[in-house]
Structures are given as C-alpha cells and as structure tokens.
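# Residue-level structure breakdown
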Amino acid sequence: MKKVMVLFVMALAAFSCDTNAVYSAYEDIEDGKWYVKNAPSFTFEIDDATIPYNIYYNLRNSLSYGYYNLYLTRYLRDASGREIESRLDELILLDPKTGKPNGDGLGDLFDHKFLMKRNYRFPKPGRYTMQIRQYMRQDPLLNIMSVGITVEKTTPAN
C-alpha cells in the first residue's frame, strides 16, 4: 500500500508541473479488477475552442497484468450528451517480444501516458465528457489499477 501511495504522489507531482494541462484525472479500479460494465467518465471544461489540444490516456497497471496490450473504447460527448466520436484504441503496455514494461515504474506498478488525440479542436467552448471502457476478452480484466485522461493545450513544441 505504501508503494501505491508513493507512486500516486510522484505521478500527481509530475502531472501538476505541466502548465499546459487544462485537465488531468485518474479513477482507481477497485481491487485492480476492471469489469466491462465499469466505464469511467471524465468531465472537463474547454474555455477556448480556437486552439488545438492533445488528449492522453493515463493508465496504471501492475506487472502481473497478463497481456502486452490493452484495447480501450473511448466515447467523447458534449454537454448535451451527444456523442461526438467513439473509437477503439490499442495501447501497448509491454514490449511484445521481450516483455519489458513500457512507461515509468516503481516496484511492480507502471504509469503510462498514451497520446489519444493530437491537435484536436473542440467544436465549441463548453463541458465535455470522455468515457473509457476496457475492450478485452477478459471480464474482469485483472491488474489494471487506474485509468484517466489528460487534456493539454498544444504548443508549437507539441
């Protein structure tokens, strides 16, 4: 439990240093068992729709995770609940040949930040919700500790 808390504080500190982030949040997966019916939602506010944003998946998994990849379906909705888009994405958590974990790790926990959308322009200012659902053949999916998103203003260096 101490390792989890130390990792959480380190991740929080790393994400809080990013001045371009307009939103960053995680939702813990209870007991590391991600059921298909459990689809975390993240609601955030976009004040300026004239600039592009990068949107990232945030993911934390245990080394005991049984696969090298993770399929996720994402749903982006506007303030009225209208679905703007949905898409299936594959995230590579481990090198498929060597089994070496990608991401940053401490002990047997690894944090990942995967680009979901680059230079995305929201249709208009307002409130948006991103919902994420695991799309693997295993239900529950074991050893996924938390999932989240980060929304960042794009800078010329991004």
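Our subject is the structure that appears above.
Residues numbered from 1 in each chain as written. Predicted model: local features only at pLDDT ≥ 70, side-chain atom pairs only at ≥ 80, totals over all residues. Heavy atoms only, no water.

Once that is clear, we can look at unusual backbone geometry. A cis amide bond links D139 to the next residue, P140, at an omega of 10 degrees. The residue D31 is not glycine, and still its phi comes out positive at about 55 degrees. Within the fold, D31 resides in the loop between β1 (21–28) and β2 (33–34). Given the relative accessible area of 64%, D31 is considered exposed. In this model, N143 sits at a positive phi of 70 degrees, which is unusual for a non-glycine residue. One can find N143 in the loop between β10 (141–142) and β11 (144–153). The exposure class of N143 is partly exposed, given its relative accessible area of 22%. (Helix = DSSP H or I, 4+ residues; strand = E, 2+ residues; numbered from the N terminus. Buried < 20%, exposed > 50% of the residue type's maximum accessible area, 1.4 Å probe, protein only.)

Looking now at the sheet that holds strand β3 (residues 41–46). Within a sheet, adjacent strands bond to each other through the backbone by hydrogen bonds, running parallel or antiparallel. Reading across the sheet, the four strands line up as β3-β9-β5-β6 and stay open at both edges, with antiparallel pairing between neighbours. What marks the edges here is a single partner per strand, and that holds for β3 and β6 (83–92). On average, adjacent strands in this sheet sit at an angle of 20 degrees to one another, irrespective of strand direction. Examined bridge by bridge, β3 and strand β9 (residues 126–134) share six bridges and lie antiparallel to one another. Residue pairing in the sheet places S41 in a bridge with Q131 of β9. (Pairing = 2+ DSSP bridges. Axes fitted to C-alpha atoms, helices over the stretch in contact; angles between N-to-C directions.)

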